[in-house]
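Here is what each chain is made of, one letter per residue.
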Amino acid sequence: MPQNLLDFDLDGLTAWFTELGEKPFRARQVFHWMHQAGVADFAQMTDIAKSLREKLQQHAVVAPSAINFAHTSTDGTRKWLFDVGVANGIETVFIPEEDRGTLCVSSQVGCALECTFCSTGRQGFNRNLTAAEIIGQLWVANHSLRGEVNRTNGDSSDRPVTNVVMMGMGEPLANFENVVTALGIMLDDHAYGLSRRRVTVSTSGLVPAMDRLAERCPVALAVSLHAPTDALRDQIVPINKKYPLVELMAACRRYLVHAPRDFITFEYVMLAGVNDQPEHARQLAELVRDVPCKFNLIPFNPFPDSGYDKPHAEPMRVFRQILQDAGYVVTTRKTRGDDIDAACGQLAGKVADKSGRVIKRMHKEAA
Ligand code: SAH
Ligand code: SF4
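Residues numbered from 1 in each chain as written. Chains lettered and ligands numbered in written order. Predicted model: local features only at pLDDT ≥ 70, side-chain atom pairs only at ≥ 80, totals over all residues. Heavy atoms only, no water.

Let's shift gears to the overall build of the chain. Along its length, the chain carries 11 helices and 14 strands. Here the chain, with 367 residues, has 56% of them falling under the buried criterion. In the chain, the share of contacts with a sequence separation of at least 24, taken over all contacts with a separation of at least 6, comes to 65%. When the accessible area of the chain is evaluated, it comes to approximately 15300 Å², of which 50% is carbon and sulfur surface. (Helix = DSSP H or I, 4+ residues; strand = E, 2+ residues; numbered from the N terminus. Buried < 20%, exposed > 50% of the residue type's maximum accessible area, 1.4 Å probe, protein only. Contact = heavy atoms within 4.5 Å. Areas by Shrake-Rupley, 256 points an atom, 1.4 Å probe, with all protein chains shown as cover.)

Written out as structure tokens, the structure is:
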């Protein structure tokens, strides 16, 4: 099997080149070609000696996952469905905005954490993505979008993706090593050079892994809170039974010591009649009192047989107002790309579950 060079950060690539009897600066050159120029074909790496190019052709590939489908939403949101050799695969979403282009990246095929309102969680878990499969999503997005007019203000750009959020399928901190390798490549000036503030990991609250992330690769952190009490969070985010709110809040405070931003973003999916009442907002304001934070309210995106409803505008407004009156900054996430099932929690179709439990529902997908 040839080695997929997308699996390596620069240290890994340098070590692999050394084994091949090549100098470290050659690794750096190839790294630039792959990630900065978006070149996958060694023959096009023109400043590399022909003999080395031939050697690379024998032993290595630059191989992002194959694209099964690419869709464009009426609002400009793009979605790619990648073939990762398992059922319907994984998805990546690009959200163009006036001043930035955000890529929503997946980390696992399915998810084992079973949040009740999440279509990925309902599908079961198959496997972790490799580092190549994670960074490959950014590679493909930049490659496909490069040179296109992709900002609503009319700029085109060599680097269409300016921000990455690990908010696609899967729990990034449950695939720690591969995610950290991919994050390292995103941040590396020899590759994508994204600032730590523009790369966000979203977690449902794996406390020990939050501490490890702070040490290894402190990027911006979003925590999926979704409930102000253990009783309610136990029901909708079952990992809460293992890492309850008091531990989660303490982990957030510890993370902030290393974080590139001086706040945690708390994501809060609004589920009509479940967690969207004024009392929940008041409890929430109290819960996070000691954690510098911002709130991002996400209206629930329905999927077939979810059992939940979208919140109404008025309860959302009241909820938001209570948090604002308590002194918090609150944003409400706009739903983008829902005509192509690219909105939060609507990603991807069937997953061949390997966790041994019955797959409760299969999500619709353009197959
Ligand atoms: N596993 C990580 C990251 C992926 S989910 C996490 O849970 O944080 C990214 C965000 O989408 C999370 O905040 C998640 O709770 C939210 N989400 C999941 N399903 C959703 C749905 N149906 N509607 C709206 N948001 C949803
Ligand atoms: Fe997994 Fe996140 Fe979905 Fe929960 S919300 S099931 S952690 S992907």
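On we go.
What follows concerns the site of ligand 1. Contacts to ligand 1 come from 22 residues, most closely from Gly170, Ser202, Ser224, His226 and Asn301. At a separation of 2.6 Å, an oxygen atom of ligand 1 approaches a polar side-chain atom of Ser202. At 3.1 Å, a side-chain N or O of Glu267 approaches an oxygen atom of ligand 1. Listing elements by their share of the shell around ligand 1, those giving two or more residues are strand S10 (199-203), strand S12 (264-270) and strand S13 (293-299). Considered class by class, the residues forming the shell around ligand 1 number 11 nonpolar, 9 polar and 2 charged. (Near = heavy atom within 4 Å. Polar contact = N/O pair within 3.5 Å; in protein donor to acceptor, adjacent residues only side chain to side chain. Nonpolar A, V, L, I, M, F, W, Y, C, P; charged D, E, K, R; others polar.)

Near ligand 2 you find Cys111, Leu113, Glu114, Cys115, Cys118, Gly121, Gly170, Glu171 and Ser204, and these make up its full shell. Classifying every residue of the shell around ligand 2 by side-chain character gives 4 nonpolar, 3 polar and 2 charged.

What follows covers the sheet that holds S12. Spatially, 10 strands are ordered S3-S4-S5-S6-S9-S10-S11-S12-S13-S14 in an open sheet, and the strand pairing comes out mixed. Single-partner strands in this sheet number two, and they are strand S3 (66-72) and strand S14 (329-332). The sheet shows a mean angle of 20° between the axes of neighbouring strands, taken without regard to direction. Taken strand by strand, helix H5 (residues 131-145) contacts S3, strand S4 (78-83), strand S5 (90-96), strand S6 (101-104) and strand S9 (163-166), and its axis lies near 130° from that of S4. (Pairing = 2+ DSSP bridges. Axes fitted to C-alpha atoms, helices over the stretch in contact; angles between N-to-C directions.)

When a strand is regular, its side chains alternate between the sheet's two faces. Burial along S9 is two-sided: the face carrying Asn163 and Val165 and the face carrying Val164 and Met166 are both buried. Sheet topology places S6 next to S9; 3 bridges connect them, and they run parallel. Bridge pairing in S9 places Cys104 opposite Val165. Relative to S10, S9 is paired through 3 bridges, and the arrangement is parallel. Looking at the pairing, Val164 lines up with Val199 of S10. In this fold, S9 hands off to helix H6 (residues 176-187), which returns the chain to S10; that crossover is right-handed. (Right-handed = clockwise from strand over helix to strand, strands pointing away.)

A few words on unusual backbone geometry. Of note, His226 is a non-glycine position whose phi angle comes to about 70°, a positive value. Considering the arrangement of structural elements, one finds His226 in the loop between strand S11 (220-224) and helix H8 (230-236). Judged by its relative accessible area of 4%, His226 falls in the buried class. Even without being a glycine, Asp305 presents a positive backbone phi close to 60°. When you line up the elements, Asp305 lands in the loop between S13 and helix H11 (313-325). Judged by its relative accessible area of 55%, Asp305 falls in the exposed class.

Let us look at the packing of H6 against helix H7 (residues 207-216). Relative orientation of the contacting elements H6 and H7 amounts to 30°, with a least axis distance of 12 Å. Our classification of the angle between H6 and H7 gives roughly parallel. Crossing geometry of H6 relative to H7 is assigned as right-handed. Contacts between H6 and H7 involve Phe176, Glu177, Val180 and Leu183 from the former and Ala209, Arg212, Leu213 and Arg216 from the latter. Residues of the contact of H6 with H7, tallied by class, amount to 5 nonpolar, no polar and 3 charged. (Parallel < 35°, antiparallel > 145°, perpendicular 65-115°, else oblique. Left-handed = near helix turned anticlockwise from the far one by under 90°.)

Right, let's talk about the packing of aromatic side chains for a bit. Under the criterion given, the structure shown has 7 aromatic pairs. Between Phe295 and Tyr328 the ring centres are 5.4 Å apart and the planes differ by 85°, which places this aromatic pair in the edge-to-face class. Taken as a pair, Phe295 in strand S13 and Tyr328 in the loop between H11 and S14 lie far apart in primary sequence, 33 residues in all. Since its relative accessible area comes to 1%, Phe295 is described here as buried. Each member of the aromatic cluster is reached from another via a ring pair, and the members are Phe8, Trp16 and Phe17. The ring of Phe176 has Arg212 lying over it, and the distance from NZ or CZ to the ring centre is 4.3 Å. When the ring centre of Phe263 is taken as reference, the NZ or CZ atom of Lys294 above it lies at 4.2 Å. (Phe/Tyr/Trp six-rings, centres within 6.5 Å; stacked < 30°, edge-to-face > 60°. Lys NZ or Arg CZ within 6 Å of the ring centre and 35° of its normal.)

With that settled, the discussion passes to the pairing of S4. In terms of burial, S4 is largely enclosed, as 5 of its 6 residues are buried. Judged from the 6 bridges that link them, S3 and S4 form a sheet pairing that is antiparallel. Paired with Ala70 across the strands is Trp80, a residue of S4. Following S3, the chain reverses through 5 residues before pairing antiparallel with S4; Gly76 in that reversal takes a positive phi of roughly 95°. Sheet analysis places S4 next to S5, joined by 5 bridges and oriented antiparallel. Across the sheet, residue Phe82 finds its bridge partner in S5, namely Ile90.

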